[in-house]
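Chains, contacts and geometry: an overview
Each chain is listed here by its residues.
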Amino acid sequence: MDVILATPWWILVLTVIDITIRIGAIIVIPPNRRPTAGMAWMLAVFFFPIAGALLFLLIGNPRLPRHRRRRQEQINRYIHAARDQLERGSLRPNEPAWFTSLVRMNRELGAMPLTGDNGVRLISDYQGSLAEMAAAIREAREYVHVEFFIFKSDDSTDDFFRALEEVRARGIPVRVLLDHWANLVKPFHRRTLKRLDAMGAEWRFALPIRPLKGQWQRPDLRNHRKIVVVDGDVAFLGSQNITDRSYNLKANIRRGLQWVDVMVRLDGPIVSSVNAVFLSDWFSEADSVPEGIDLKCMEAGTGDLDCQVVPSGPGFEFENNLRLFLGLLYAAQRKIIMISPYFVPDEALLLAITAATKRGVHVELFVSEEGDQAVVYHAQRSYYEALLRAGVQIRLYPKPYILHTKGLTIDDEIAVIGSSNMDMRSFGLNLEISLLVRGEEFVQQMRQLEAQYRELSRELTLEEWLQQPLRSTVLDNLARLTSALQ
């Protein structure tokens, strides 16, 4: 008792705070969280109680605010109610039983139906993609919807913006969603907003972080989708942002970094599903849905492909994109080819990949030789040894290019393309959009793209990897630990 009385008051206060934080962490952190993520947060709090607790309060909740999740539930109910109208087109015959169940799962998770009679075309040229989107916009008669993670008016995107200005000059509504934080910290931000205002576009920030205006959520929850919809007739989605290939960043220009991306042009009933995703995001930011948008009116497209849109993100109860990938990986019988610039798998995805190689499935992974985000790049590298030992072929796309394409092909009939990486950020923190396609015609397009990437890339061998210096291994493993903090 005398020792306690002699102890300075501030030490007693700190001790009480320390004990309170540790006990609180045990109660608050583990529920509804992955064991690895829970353990990482517990270690952070126990080793650095005050700093760890503050960090947890800042980024410890991987969900959107409750009012936003309620809006997403409203949107899902609306889509479910309209599914008879959205589910149009004749489907391809003889679909595998596993595909039927996979489509059902996607529908239960993301609300979107499978549609037939769709045209899907890959566009792998960066400037060519911008030109095709601009050309489609110029054909608009009713409206243009645009949603991008990064959306910048610069020399490379000038024609895209001029197309928007031209249709606005004809009185056609242009609606734009751009991620707040991603654009705030990139060059030409003010110039882009001024140009949108000058043309008379309706625009909103996605997931804005403006505490003084009552707009707040975990700051690294981001809207990562890339979407263009014109009149409900044509849509584009994929991995490419509306910006120069260097992202106009001085560090990238100094290093000579250039992004490699793909978009797909869509026509047919699937466009309604893409439009529904845009409208759901617009509703989340504007509290209203534009009048006169008919999701029920859709004619057959230029192709015979079955397609399903799978939206995902912290507004949904489950990790829709991760479950899609897992279902496909376990269904594969002959070949799996993955393209992901940021590959940081969770335990389930890593197990599915290594299990596939044990079944005799050929598995290839395309990643960039050089990274643009140091922590993610090193976390990704920490998985290379396990993948190589399991028999996965890792192909490194040469620097100074950043292979930003996100794609997955299974055997010869199924493919996924979209904005989602195969990493824990895309699974749990980002709003993403993925397109599931059934049809050998589209898979053949993907095979041609993969062949181009394979010709330019080099294979990483286990022997080469084991020669990595110890400092690189330590750095990789430290970065891997941070990826669990979700």
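Everything below is about the structure shown above.
For the structure given in this document, a descriptive report is provided here. (Residues numbered from 1 in each chain as written. Predicted model: local features only at pLDDT ≥ 70, side-chain atom pairs only at ≥ 80, totals over all residues. Heavy atoms only, no water.)

A word on the packing of helix H8 (residues 126-138) against helix H9 (residues 158-169). Where H8 contacts H9, the axes come no closer than 9 Å and their chain directions differ by 5 degrees. Judged on the interaxial angle alone, H9 and H8 are roughly parallel. Taken together, the residues of H9 that come into contact with H8 (itself represented by Leu130, Met133, Ala134, Ile137 and Arg138) are Asp159, Phe160, Arg162, Ala163, Leu164, Glu166 and Val167. A breakdown of the residues in the contact of H8 with H9 according to their chemical character gives 8 nonpolar, no polar and 4 charged. (Axes fitted to C-alpha atoms, helices over the stretch in contact; angles between N-to-C directions. Helix = DSSP H or I, 4+ residues; strand = E, 2+ residues; numbered from the N terminus. Parallel < 35°, antiparallel > 145°, perpendicular 65-115°, else oblique. Contact = heavy atoms within 4.5 Å. Nonpolar A, V, L, I, M, F, W, Y, C, P; charged D, E, K, R; others polar.)

This next bit is on the nonpolar core. Formed by 44 residues in total, the largest nonpolar core has its most connected members in Ile336, Met338 and Leu408. The element best represented in this core is helix H14 (residues 320-331), accounting for 6 residues. In contact with Leu408, other than residues within four places in its own chain, are Phe325, Leu328, Leu329, Ile336, Ile337, Met338, Ile414, Ala415, Val416, Met422 and Met446. Among the nonpolar cores identified, the runner-up in size contains 42 residues, and Leu279, Ala286, Leu295 and Tyr397 belong to it. (Core = buried A, V, L, I, M, F, W, Y, C linked by side-chain atoms within 4.5 Å. Buried < 20%, exposed > 50% of the residue type's maximum accessible area, 1.4 Å probe, protein only.)

Going through the model one piece at a time under the given rule, you end up with 13 aromatic pairs. Judged by centre distance (5.1 Å) and plane angle (80 degrees), the ring pair of Trp203 and Phe205 falls under edge-to-face. Judged by relative accessible area, which is 10%, Phe205 ranks as buried. Seen from their ring centres, Tyr384 and Trp465 are 5.2 Å apart, and the 65 degrees between their planes marks the pair as edge-to-face. Highlighted residues: Tyr384 in helix H17 (residues 384-390) and Trp465 in helix H20 (residues 462-465), separated in sequence by 81 residues. Just as Tyr384 is buried, Trp465 falls in that class too. One aromatic cluster in this structure is built from Phe148, Phe151, Phe160 and Phe161. Just above the ring of Phe188 sits the side chain of Arg191; from NZ or CZ to the centre is 4.3 Å. Arg438 extends its terminal NZ or CZ atom over the ring of Phe99, reaching a point 5.8 Å from the ring centre. (Phe/Tyr/Trp six-rings, centres within 6.5 Å; stacked < 30°, edge-to-face > 60°. Lys NZ or Arg CZ within 6 Å of the ring centre and 35° of its normal.)

Helix H15 (residues 347-358) packs onto H14 with a crossing angle of 15 degrees between their chain directions and a minimal axis gap of 9 Å. Our classification of the angle between H14 and H15 gives roughly parallel. In this structure, the crossing between H14 and H15 has a hand that is left-handed. Contacts between H14 and H15 involve Leu322, Phe325, Leu326, Leu329 and Tyr330 on the former and, on the latter, Ala348, Leu349, Leu351, Ala352, Ile353, Ala355 and Ala356. For the contact of H14 with H15, the class distribution of residues is 12 nonpolar, no polar and no charged. (Left-handed = near helix turned anticlockwise from the far one by under 90°.)

In this structure, His189 sits in helix H11 (residues 189-199). In this structure His189 touches Lys152, Asn183, Leu184 and Phe205, once residues within four positions along its chain are discounted.

Bringing the environment of Leu326 into the picture now. Examined against the element boundaries, Leu326 turns out to sit in helix H14. Judged by relative accessible area, Leu326 falls into the buried class, the value being 16%. Sequence-wise, Leu326 and Ala352 are 26 residues apart; in three dimensions their C-alpha atoms are separated by 6.5 Å. Dropping the residues within four chain positions of it, Leu326 is found in contact with Ala348, Leu349 and Ala352.

With that settled, the discussion passes to the environment of Lys194. Among the secondary structure elements, Lys194 is positioned in helix H11. In sequence terms Lys194 and Ser153 are 41 residues apart; their C-alpha atoms lie 9.8 Å from each other.

The residue after Lys399, namely Pro400, is reached through a cis peptide bond having omega 10 degrees. The residue Pro400 is located in the loop between strand E13 (393-397) and strand E14 (401-403) in this model. One non-glycine residue, Phe188, adopts positive backbone phi at about 70 degrees. Within the element layout of this structure, Phe188 appears in the loop between helix H10 (180-184) and H11.

Quick look at H15 now. For H15, which comprises 12 residues, the first-to-last C-alpha distance of 16 Å matches the rise-based estimate of 16 Å (1.5 Å per residue) to within 8%. Those residues of H15 lying buried are Leu349, Leu350, Ala352, Ile353, Thr354, Ala356 and Thr357. Tucked inside the fold, the buried residues of H15 contact H14, strand E11 (335-339), strand E12 (362-368), H17 and helix H18 (424-428). Directly beyond the C-terminal end of H15, a positive phi value near 90 degrees is found at Gly360. (Expected span 1.5 Å × (residues − 1).)

This part covers the pairing of strand E17 (residues 430-438). Of all the 9 residues making up E17, 9 are buried; the element is thus mostly covered by neighbouring parts of the structure. Residues Asn430, Glu432, Ser434, Leu436 and Arg438 point to one face of E17 and Leu431, Ile433, Leu435 and Val437 to the other, with burial holding for every one of them. Summarising the sheet, strand E5 (residues 222-223) and E17 pair through 2 bridges and their orientation is parallel. By the bridge assignment for E17, Arg222 is matched with Asn430. Where strand E16 (residues 414-418) lies against E17, 5 bridges are found, and the strand directions are antiparallel. In the strand pairing of E17, Gly418 is matched with Ser434. (Pairing = 2+ DSSP bridges.)

Our focus in this paragraph is helix H7 (residues 97-110). The end-to-end C-alpha distance of H7, which contains 14 residues, comes to 20 Å, matching closely the 20 Å that a straight helix rising 1.5 Å per residue would cover. Along H7, the positions that sit buried rather than exposed are Phe99, Leu102, Val103, Asn106, Arg107, Leu109 and Gly110. Backbone geometry just after H7 places Ala111 at a positive phi near 80 degrees.

Functional significance is not addressed by these values, which are geometric in nature.
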